[in-house]
Amino acid sequence: MIKISPSILSCDYSKMGEEFERMKQCGADWLHIDVMDGHFVPNITLGAPVVKCMRKCSDLVFDVHLMISDPKKYIPDFVKAGADVITFHIESDSPVEETIELIRSLGCKAALSVKPGTPVESVFPYLEKLSMVLVMTVEPGFGGQSFMESMMPKVRALRDEINRRGLDVDIQVDGGISEKNAKLVGENGANVLVAGSAVFGSADPKETIRSLKALAAQHD
């Protein structure tokens, strides 16, 4: 099943509640919330107190992407704030197995992400304990970057491994996703598409979300 998770990096923060409701009415499945610490990536966004406020504005799935150096330290805060899925980077400083177990023990779904330069095989040892793997299709840290088609072999290899093991693990792609490449990412096995400017910047976001889902669901 294809899911669309609009990245709130591209929303109008002055009317966040209205933006979240608009995404729900337009058919969004999740909301993608990027958390950056200015250390792991060269940008700063928001923390758990803001996510807690956001939670009051929407009942959509909160897909929280931690681009921070020590995610394990902050997992309890984000769970309490209302995260449903927590993704952290395998390149972070936190022990991977311990961080996954902490997320799961607190009743949240655990996901791992890999940067463009990291082999996707690095997540294979943890697949049985994950609900999702995020393959970054841009370098993390800023919105509005161009999609890296060269990441598609990683998505394909990941999907093949998940299928080989008979697992139910989502594959998410994040970075430059639009109607121009939705079919390609779907063909390679991704089923959760993060789209920021493509959705929030669309004149007809409902149609854009419908189109993204339809294109990603096409398989030759």
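Our structure is the block above this text.
Residues numbered from 1 in each chain as written. Predicted model: local features only at pLDDT ≥ 70, side-chain atom pairs only at ≥ 80, totals over all residues. Heavy atoms only, no water.

Trainee: Would you mind going over the overall build of the protein chain with me for this structure?
Mentor: Broken down by element type, the protein chain carries eight helices and eight strands. Relative to the 2.2 N^0.38 estimate, which gives 17 Å for 220 residues, the radius of gyration of the protein chain is 16 Å and therefore close to what a compact globule would have. Based on the C-alpha atoms only, the size of the protein chain along its principal axes is roughly 45 × 45 × 30 Å. Counting all 220 residues of the protein chain, 55% fall into the buried class. Accessible surface for the protein chain amounts to roughly 9400 Å². Of this, 51% is attributable to carbon and sulfur atoms. Taken together, the 24 basic and 31 acidic charged side chains of the protein chain have centroids lying 3 Å from each other. (Helix = DSSP H or I, 4+ residues; strand = E, 2+ residues; numbered from the N terminus. Rg over C-alpha atoms; globule rule 2.2 N^0.38 Å. Buried < 20%, exposed > 50% of the residue type's maximum accessible area, 1.4 Å probe, protein only. Areas by Shrake-Rupley, 256 points an atom, 1.4 Å probe, with all protein chains shown as cover. Lys, Arg positive; Asp, Glu negative; His and termini not counted. Charge placed at Lys NZ, Arg CZ, Asp CG, Glu CD.)

Trainee: What exactly am I supposed to notice about the packing of aromatic side chains here?
Mentor: Ring pairs (aromatic) are described by centroid distance and by the angle formed between their planes. Scanning all chains against the criterion turns up one aromatic pair. Taking 6.5 Å as the distance between ring centres and 80° as the angle between the ring planes, the aromatic pair formed by Phe20 and Phe62 counts as edge-to-face. Taken together, the positions of Phe20 in helix H1 (residues 16-25) and Phe62 in strand E3 (residues 61-67) put the pair 42 residues apart, joining distant regions of the chain. Judged by relative accessible area, which is 0%, Phe20 ranks as buried. Judged by its relative accessible area of 0%, Phe62 is buried. One residue, Arg55, lies across the ring of Phe62, its end atom 3.7 Å from the ring centre. For the cation-ring pair, Lys115 lies above Phe40, with the distance from its terminal atom to the ring centre recorded as 4.3 Å. (Phe/Tyr/Trp six-rings, centres within 6.5 Å; stacked < 30°, edge-to-face > 60°. Lys NZ or Arg CZ within 6 Å of the ring centre and 35° of its normal.)

Trainee: Would you take a moment to explain the sheet that holds strand E4 (residues 85-89) for this structure?
Mentor: Sheet strands pair by backbone hydrogen bonding; their relative direction is either parallel or antiparallel. Here we have eight strands laid out as an open sheet, ordered E1-E8-E7-E6-E5-E4-E3-E2, and parallel in their pairing. Since the sheet does not close on itself, it has two edges, and those belong to strand E1 (3-6) and strand E2 (30-36), each with one partner. Geometrically, the sheet is characterised by an average inter-axis angle of 25° between neighbouring strands, direction not taken into account. Note that strand E7 (residues 170-174) and strand E8 (residues 192-195) share three bridges and pair parallel. When the bridges of E8 are listed, Val173 appears paired with Leu193. Across the sheet, helix H5 (residues 152-165) touches strand E5 (109-114), strand E6 (132-136) and E7, and the angle it forms with E7 is around 170°. (Pairing = 2+ DSSP bridges. Axes fitted to C-alpha atoms, helices over the stretch in contact; angles between N-to-C directions. Contact = heavy atoms within 4.5 Å.)

Trainee: Even after reading the chapter, I still don't get the pairing of E1, so can you show me in this structure?
Mentor: Strand residues, when the strand is regular, have side chains that alternate between the two faces of the sheet. Here E1 shows a buried face lined by Lys3 and Ser5 and a second buried face lined by Ile4 and Pro6. Of the pairings in the sheet, the one linking E1 to E8 comprises four bridges and is parallel in character. Pairing of Lys3 across the sheet is with Val192, part of E8.

Trainee: What is the right way to read the packing of helix H2 (residues 48-55) against helix H3 (residues 71-81) from this model?
Mentor: Helix-helix packing is characterised by the crossing angle of the two axes and by the distance between the axes. Interhelical geometry of H2 versus H3 gives an angle of 15° and a closest axis separation of 8 Å. When the interaxial angle is binned, H2 and H3 end up roughly parallel. The element H2 and its partner H3 pack so that their crossing is right-handed. Across the interface between the two elements, Ala48, Val51, Lys52 and Arg55 of H2 pack against Asp77, Phe78 and Ala81 of H3. Taken together, the residues of the contact of H2 with H3 sort by class into four nonpolar, no polar and three charged. (Parallel < 35°, antiparallel > 145°, perpendicular 65-115°, else oblique. Left-handed = near helix turned anticlockwise from the far one by under 90°. Nonpolar A, V, L, I, M, F, W, Y, C, P; charged D, E, K, R; others polar.)

Trainee: Any chance you could explain the pairing of E3 here in plain terms?
Mentor: Among the seven residues in E3, six count as buried, and that is most of the element. Where E2 lies against E3, seven bridges are found, and the strand directions are parallel. Across the sheet, residue Asp34 finds its bridge partner in E3, namely His65.

Remember, this is a structural readout, not a statement about activity or role.
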